[in-house]
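Understanding the architecture of this molecule
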Amino acid sequence: MGKTVGTPRSEAFLKRTCMNILVIGAGGVGASMASIAESRSFFTTFTLADVSLDSAERAIAALDDPGRFRAVQLDARSEDNIVALIREVNADIVVNACDPRLNEPIFRACFTAGVHYVDMAMNLSHPHPTDPYNQVGDILGKEQLAAHDAWVDKGLLALVGMGVEPGLSDVFARYASDHLFDAIDEIGVRDGANLAIEGYDFAPTFSIWTTIEECLNPPLVWEKSRGIFTTNCFSEPEVFHFPEGIGPIECVNVEHEEVLLMPREIECNRVTFKYGLGTDFINWLKTFAYLGLDAAEKIQVGDVKVAPRDVLAAVLPNPAKLGHLMTGKTCAGTWVKGTKDGKPREVYLYHVVDNQQTMGDWGCQAVLWQTAICPVVALELIARGTWKHSGVRGPEAFDAVPYLELLAEYGSPHGMVEMGEGRWPSPIRTDDPGWSRPVRKSTTV
């Protein structure tokens, strides 16, 4: 792993009780981070940067006390621009609140400038070009994880996957390993919601660009005996009963970072990630794929080149602006199965957010708010010196107890149910084989 070597900047940062924060991306998550952080005292300055200065300024103007906050314009496609802004605002840590297409320049800029880095989704994967459902291509975060030793040698932390999923789900896994089990057989992240949006037959509650990436790429599964492998899309369906009134939802495998991150730190036999998508949503995704609207590569349309997926994102409603039409709850959590004191044990650690509450208290819809609160809690633990590490690491590398305690202090505690016979229902597999569409061939000669 290499040794930790503190640079003058990182040593000075660790001796302070406050930090200068730079958040890149003033969309729904970045704007919500500013709102959540406003009442906390762990930072000195909070700079919100976006390619649209107007978006950043609107987010800051909505705060009750914007004195420590600043809005700036930034084109995050340019590593040089990011380095210059980091130095201008004297940032100690940068939070990447953009979609993962911008991870590489932001990640490299933080390393060049000598500051800590946090993101909520790792670098995009590149599935195997000819046999994606049977062979693993370039996995999520490949370049980031490969840079671990270089970040250690520089005394810097890159905390990757610190949203809600990945993020809080990894914290739950760490807590279960440390405090609830003697041995873990399987860890399964399970995400479900009963959210409804008035007046829309189809309207995603999160970025459709990211949703397509996660759900239509070959899902990942990790097993101790096999390592990482891929499956068909929407494989291993199961009915999972979500708590706090959400109820039973069919969940399916998708591509997600936890499957890669958790086995690096937690001893277990299997890791999966399953979304509660529902039949209608899956059919929409299949339709997009059949029509080629999931493609991220640009095609010629008249006099311009556009990516079909970007067009789809542009014509669908912005999830950040749907909160007033949305009802219901969203649940993120981690199901763990193993043994304790020689007896079988099965639990689900979860975090439920009610859209009515987040809209009333924060003016933000539930899915974006739930994503935003998680990195803010992590930032405060880093500022306090409670979470200390160097290198490229996921949230499961840190002590879960102070995180969960601070999350409750923020007014958003987690929950847990014991599962099994006579208790909360265990997941029930339905064993549909999943869906593997043919690899699309190039139409150019």
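Okay, so let's go over this structure. Keep in mind that this is a model prediction, so the values were computed, not measured.

Attention now goes to the overall build of the chain. Counting secondary structure elements, the chain contains 15 helices and 21 strands. In summary, the chain has a C-alpha radius of gyration of 21 Å against a globular reference of 22 Å for 445 residues, a match within 12%. The buried share of the chain, reckoned over its 445 residues, is 55%. Across the chain, contacts joining residues at least 24 apart in sequence account for 72% of those joining residues at least 6 apart. Computing the positive centroid from 39 side-chain charges and the negative centroid from 59, the chain places the two 4 Å apart.

Residue placement: leucine 85 occurs in helix H4 (residues 79-88). In the structure, leucine 85 is positioned 13 residues away from valine 72 in sequence and 9.1 Å away in space, judged by C-alpha atoms. Excluding anything up to four places from it in sequence, leucine 85 contacts Leu22, Ala49, Val72 and Leu74.

The buried count for strand E13 (residues 270-275) comes to six of six residues, which makes it a mostly enclosed element. Sheet analysis places strand E7 (residues 183-193) next to E13, joined by six bridges and oriented parallel. Each residue of the ladder has a partner; that of arginine 190, found in E13, is lysine 274. Pairing of strand E9 (residues 220-223) with E13, which is carried by two bridges, proceeds in the antiparallel orientation. Bridging across to E13, glutamate 223 finds its partner in arginine 270. Relative to E13, strand E12 (residues 247-253) is paired through two bridges, and the arrangement is antiparallel. Residue valine 252 lies in a different strand from E13, and its bridge partner there is tyrosine 275.

The next point concerns helix H10 (residues 258-265). Considered for burial, the residues of H10 that qualify are Glu258, Val259, Leu260, Leu261 and Met262. Structurally, H10 contributes buried residues whose contacts are with helix H6 (142-146), helix H8 (168-180), E7, E9, strand E10 (227-230) and E13.

Our next topic: the sheet that holds strand E3 (residues 69-73). Overall, parallel pairing links the seven strands, which are arranged E3-E2-E1-E4-E5-E6-E19 in an open sheet. Each edge of the open sheet carries a strand with a single partner, namely E3 and strand E19 (391-393). Neighbour-to-neighbour, the strand axes of the sheet open up by a mean angle of 15 degrees, direction not taken into account. Seen against the sheet, H4 touches strand E1 (19-24), strand E2 (43-50), E3 and strand E4 (93-96) and runs at an angle of roughly 150 degrees to E1.

Most of E12 is tucked away, with five of its seven residues classed as buried. Of the pairings in the sheet, the one linking strand E11 (residues 238-242) to E12 comprises five bridges and is antiparallel in character. Within E12, the residue paired with phenylalanine 242 across the bridge is glycine 247. Linking two consecutive strands that pair antiparallel, namely E11 and E12, is a turn of four residues; a positive phi of about 60 degrees is found at glutamate 244 within it.

Conventions adopted
Residues numbered from 1 in each chain as written. Predicted model: local features only at pLDDT ≥ 70, side-chain atom pairs only at ≥ 80, totals over all residues. Heavy atoms only, no water. Helix = DSSP H or I, 4+ residues; strand = E, 2+ residues; numbered from the N terminus. Rg over C-alpha atoms; globule rule 2.2 N^0.38 Å. Buried < 20%, exposed > 50% of the residue type's maximum accessible area, 1.4 Å probe, protein only. Contact = heavy atoms within 4.5 Å. Lys, Arg positive; Asp, Glu negative; His and termini not counted. Charge placed at Lys NZ, Arg CZ, Asp CG, Glu CD. Pairing = 2+ DSSP bridges. Axes fitted to C-alpha atoms, helices over the stretch in contact; angles between N-to-C directions.

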